[in-house]
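Below are the chains, spelled out letter by letter.
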Amino acid sequence: MPGDYKTLKQAASDEFIVNKSRFIGYASPCETEEEALAFLKSIREKHKDATHNCYAYVIGQNAGIMRYNDDGEPGGTAGMPMMEVIKARGVVNCCVVVTRYFGGILLGAGGLVRAYSHGCAIALNAAQVVRMEESQKILLDVPYPLWDRVNHALKSLPQITEETNFGASVEATLLIRKKDVDFVTQKLTALTDAKAEWLELDELHYPWPEEENPSSEP
């Protein structure tokens, strides 16, 4: 499987007003440049009457394609600041469009940079930055007398309990980052005196929430 990387969970938007200008930040995950351009086109069509639809997108896990555009704003005040926000967050395979409806008050170069940076940041936050990590599904089999203890421990372990079935014993399907599998299984082995058993199921890339919680303040 490919390595770990950050991207967006979903397409989403957020907006704010500064000095009567309305800024709407849109962000979407995009696997290819064609998807990014299609997303940009959809926003442009939605906001045909907007003063500007500035954009920045990064495609490829190694950020092989990076494009941005000021769409009529003074050079370097929109697209580039948006790209810098994306790069600072380490997000790839994404496209961000910040739409502006001019409110009649000039913001100046510094004001524009802050506004477009903020528009990009809130769009990324709305779309939810996730880390795609190599993960493993594990089927855990636990005797009933030990389940309460195991269930309590699972809440503090780095895993997601996807499903729990109560039959002859308790079977729980766990999703664990590959890097955490040994730690989790060793903890459960020690906790149950090796009475819990598990079977490795699918390997997959899973969108885990971004650990940090960056500020979106302008």
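Residues numbered from 1 in each chain as written. Predicted model: local features only at pLDDT ≥ 70, side-chain atom pairs only at ≥ 80, totals over all residues. Heavy atoms only, no water.

Colleague: Quick question: what am I supposed to make of the pairing of strand β9 (residues 170–177) here?
Modeller: Side-chain direction in a regular strand flips from residue to residue, so the side chains alternate between the two faces of the sheet. Most of β9 sits inside the fold, with seven of its eight residues counted as buried. Two strands pair when backbone bridges link them, and strand β7 (residues 129–142) and β9 are joined in this way by eight bridges, in the antiparallel orientation. Bridge assignment links D141 to a residue of β9, and that residue is E171. In terms of strand pairing, strand β8 (residues 159–166) meets β9 through seven bridges, oriented antiparallel. When the bridges of β9 are listed, F166 appears paired with V170. (Buried < 20%, exposed > 50% of the residue type's maximum accessible area, 1.4 Å probe, protein only. Helix = DSSP H or I, 4+ residues; strand = E, 2+ residues; numbered from the N terminus. Pairing = 2+ DSSP bridges.)

Colleague: Just checking my understanding: could you explain the side chain of K6 for this structure?
Modeller: Tracing the chain through its elements places K6 in strand β1 (residues 5–8). We classify K6 as buried; its relative accessible area is 10%. Of the polar contacts made by the side chain of K6, one reaches the backbone oxygen of R89; its length is 3.3 Å. (Polar contact = N/O pair within 3.5 Å; in protein donor to acceptor, adjacent residues only side chain to side chain.)

Colleague: I tried to follow the nonpolar core on my own but got confused; where do I start?
Modeller: Inside soluble globular proteins, nonpolar side chains tend to come together where they are buried. Core analysis: the largest hydrophobic core is formed by 31 residues, its most contacted members being L8, M82, I86, V96, Y116 and L124. Elements that contribute at least two residues to this core include exactly β1, β2 (12–18), β3 (21–29), β4 (52–59), α2 (79–89), β6 (94–101), α3 (108–127) and β7. Apart from the residues lying within four places of it in its own chain, the contact partners of Y116 are F23, H52, C54, E73, T77, A78, M82, V98 and R100. Within the second largest apolar cluster, 16 residues are counted, among which are L146, V170, L174 and V181. (Core = buried A, V, L, I, M, F, W, Y, C linked by side-chain atoms within 4.5 Å. Contact = heavy atoms within 4.5 Å.)

Colleague: Is there a simple way to explain the pattern of salt bridges in this structure?
Modeller: Side-chain pairs of opposite charge can arise whenever the charged atoms involved come near each other. Inspection of the entire model under this criterion finds nine salt bridges. Between K179 and E133 there is a salt bridge, with its nearest N and O atoms 3.4 Å apart. Highlighted residues: K179 in the loop between β9 and α5 (181–191) and E133 in strand β7, separated in sequence by 46 residues. Since its relative accessible area comes to 2%, E133 is described here as buried. Note that E203 is salt-bridged to K178, the shortest N-O span being 2.9 Å. (Salt bridge = Lys/Arg side-chain N within 4 Å of Asp/Glu carboxyl O.)

Colleague: Please clarify how the packing of aromatic side chains should be interpreted in this entry.
Modeller: What describes a pair of aromatic rings is the distance from one ring centre to the other and the angle between the planes of the rings. Summed over the entire model, instances satisfying the criterion amount to six aromatic pairs. With a centroid separation of 5.3 Å and 10 degrees between ring planes, the pair formed by F16 and F23 is classed as stacked. The same class applies to F16 and to F23, which are both buried. Accessibility expressed as a relative area gives 0% for F23, which makes it buried. One aromatic cluster is present, formed by F16, F23 and Y116 through successive ring pairs. Stacked on the ring of W208, the Lys or Arg R177 has its end atom at 4.0 Å from the ring centre. (Phe/Tyr/Trp six-rings, centres within 6.5 Å; stacked < 30°, edge-to-face > 60°. Lys NZ or Arg CZ within 6 Å of the ring centre and 35° of its normal.)

Colleague: Even after reading the chapter, I still don't get helix α1 (residues 33–46), so can you show me in this structure?
Modeller: Structurally, the α-helix is built with 3.6 residues per turn, so residues lying three or four positions apart point the same way. In this model, α1 (14 residues) spans 20 Å end to end at C-alpha, consistent with the 20 Å of a helix rising 1.5 Å per residue. Taken together, the buried positions of α1 are occupied by E33, A36, F39, L40 and I43. Taken end-on, α1 shows its buried residues confined to a sector of 125 degrees, consistent with a single buried face. Those residues of α1 that are exposed and angled more than 90 degrees off the buried face are E34, K41 and K46. Summarising the contacts, the buried residues of α1 are in contact with β3, β4, β5 (65–69) and β6. (Expected span 1.5 Å × (residues − 1). Arc of directions from axis to C-beta.)

Take it as geometry only, folks, not as evidence of what the structure does.
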